[in-house]
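Survey of secondary and tertiary structure
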Amino acid sequence: MAKDNKPAAAAAGTGGVSAATAASESARDWSKTLFLPETEFPMRAGLPELEPKLLKRWDEMGLYERLRETAKGRPKFVLHD
């Protein structure tokens with residue numbers, strides 16, 4: 001049998017990355033690497049306050065029933081995940 005000349009990290013299946021390097025990469029703040037535009041409005045859209053209003057409005061206008069009526073006769077679509 002021939003002796004394996006690979007470093008211990010590569011032999012361990014880490015692709016040549018030492019445990020110390022892997023740990024420092026996981027602690028890295030990746031948000032600094034993203035380009036996100038700065039806006040004057042808040043990121044939240046007030047969903048906790050808005051959602052009940054939307055649900056009430058959709059219920060009052062019978063949106064679900066209207067969608068079901070419109071889809072009547074169409075073949076069923078099943079999304080497999």
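Scroll up to find the structure this text is about.
Our subject in this report is the structure included herewith. (Residues numbered from 1 in each chain as written. Predicted model: local features only at pLDDT ≥ 70, side-chain atom pairs only at ≥ 80, totals over all residues. Heavy atoms only, no water.)

On to the overall build of the protein. The helix and strand tally for the protein stands at four helices and zero strands. The N-to-C order of helical and strand elements in the protein reads α-α-α-α. Taken across its 81 residues, the protein has 2% of its residues classed as buried. When the accessible surface of the protein is summed, it comes to about 8,500 Å², and 60% of that surface belongs to carbon and sulfur atoms. (Helix = DSSP H or I, 4+ residues; strand = E, 2+ residues; numbered from the N terminus. Buried < 20%, exposed > 50% of the residue type's maximum accessible area, 1.4 Å probe, protein only. Areas by Shrake-Rupley, 256 points an atom, 1.4 Å probe, with all protein chains shown as cover.)

With that out of the way, let us pick up helix α3 (residues 47–60). Here α3 is 14 residues long and its end C-alpha atoms lie 19 Å apart, about the 20 Å a rise of 1.5 Å per residue gives. Counting buried residues in α3 gives zero out of 14 residues, a small share hidden from the surface. Remark: Gly62 follows α3 within two positions and exhibits a positive phi of approximately 65°. (Expected span 1.5 Å × (residues − 1).)

Now for the pattern of salt bridges. Summed over all chains, the structure comprises three salt bridges. A salt bridge links Asp29 to Lys32, with the nearest nitrogen and oxygen atoms 3.4 Å apart. Its relative accessible area of 68% is what places Lys32 among the exposed residues. Across the salt bridge formed by Glu60 and Lys56, the nearest N and O atoms sit 4.0 Å from each other. (Salt bridge = Lys/Arg side-chain N within 4 Å of Asp/Glu carboxyl O.)

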